[in-house]
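Overview (structure and organization)
These are the residues of each chain, in order.
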Amino acid sequence: MPDVLSQWRTWIDAFEATVQDDEWDRLQPLLAEDVEYRVMGAPFAAHVRGRDAVLAGLAQSVRNFDRRMDGRRWTPLAIRVDEPGYLRCNILSEYKRGGDWVLAFQAEGHWGFRDGKIDLMLDFYDPQHVDVQQALGWIHEFGQDLDPRYA
């Protein structure tokens, strides 16, 4: 069985490809049927359970937010593997609109693995962080056509 870091990198590569081409079926074999996804600390907080619901939620958010931007960069920082089967890292997300990089904020991501598949994904946004406050403010003021919700 591949190690957690390899499994996570496979997920990240497949997810990034899916953001580009909308082929969500490629992600199915990487997720446990009972996968749970939680987003916390943001107005678009969510708790989604089950592979089909998680994929639908991810697709909804990407289509209604990421794809409506002119550019997207997602950079993992400070990756930490906690054995057995758990990985976390800080994530720097950046978005471009109208030729400018208008959003840059960090979140903390957690992934749990069971039997070679992801069974838990957690995204934590800290509303006390200035970068998160600025991003949410920009979305509120200039992003009326954007919807980052997962459900």
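Not measured: the values here are computed from a predicted model. (Residues numbered from 1 in each chain as written. Predicted model: local features only at pLDDT ≥ 70, side-chain atom pairs only at ≥ 80, totals over all residues. Heavy atoms only, no water.)

Here the focus is the nonpolar core. By size, the foremost hydrophobic cluster in this structure holds 42 residues, and its most contacted members are Trp11, Leu58, Leu103, Trp111 and Met121. Breaking this core down by element, the ones donating at least two residues are helix H1 (4–21), strand E1 (31–40), strand E2 (46–49), helix H2 (51–64), strand E4 (86–97), strand E5 (100–114), strand E6 (117–124) and helix H3 (130–142). Per element, the largest residue contribution to this core is 7 residues, and it comes from H1. Not counting the four nearest positions on each side in its chain, Met121 is found in contact with Trp11, Leu31, Glu36, Tyr37, Arg38, Val54, Leu58, His110 and Trp111. (Core = buried A, V, L, I, M, F, W, Y, C linked by side-chain atoms within 4.5 Å. Buried < 20%, exposed > 50% of the residue type's maximum accessible area, 1.4 Å probe, protein only. Helix = DSSP H or I, 4+ residues; strand = E, 2+ residues; numbered from the N terminus. Contact = heavy atoms within 4.5 Å.)

This part covers the pattern of salt bridges. All told, the structure shown has 14 salt bridges when counted by the stated rule. Asp22 is paired through a salt bridge with Arg67; the nearest N and O atoms lie 3.2 Å apart. Of this pair, Asp22 sits in the loop between H1 and E1 while Arg67 sits in the loop between H2 and strand E3 (71–82), and the two are 45 residues apart along the sequence. With relative accessibility at 34%, the residue Arg67 sits in the partly exposed group. The closest approach of N and O atoms between Arg88 and Asp82, which form a salt bridge, is 2.9 Å. Among the ionic contacts, a cluster of salt bridges with common partners joins Glu16, Asp66 and Arg72. (Salt bridge = Lys/Arg side-chain N within 4 Å of Asp/Glu carboxyl O.)

In this sheet, E5 lies alongside E4 in antiparallel orientation, the contact comprising 12 bridges. Following the sheet pairing, Arg97 is matched in E5 by Asp100. Connecting E4 to the antiparallel partner E5 that follows it, the hairpin turn spans 2 residues, and Gly98 within it adopts a positive phi of roughly 60°. Relative to E6, E5 runs antiparallel, the two sharing 7 bridges. In the strand pairing of E6, Gly109 is matched with Asp123. In sequence, E5 turns back onto E6 through a hairpin of 2 residues, with Asp115 there showing a positive phi of about 55°. (Pairing = 2+ DSSP bridges.)

Interpretation in functional terms is not warranted from these geometric data alone.
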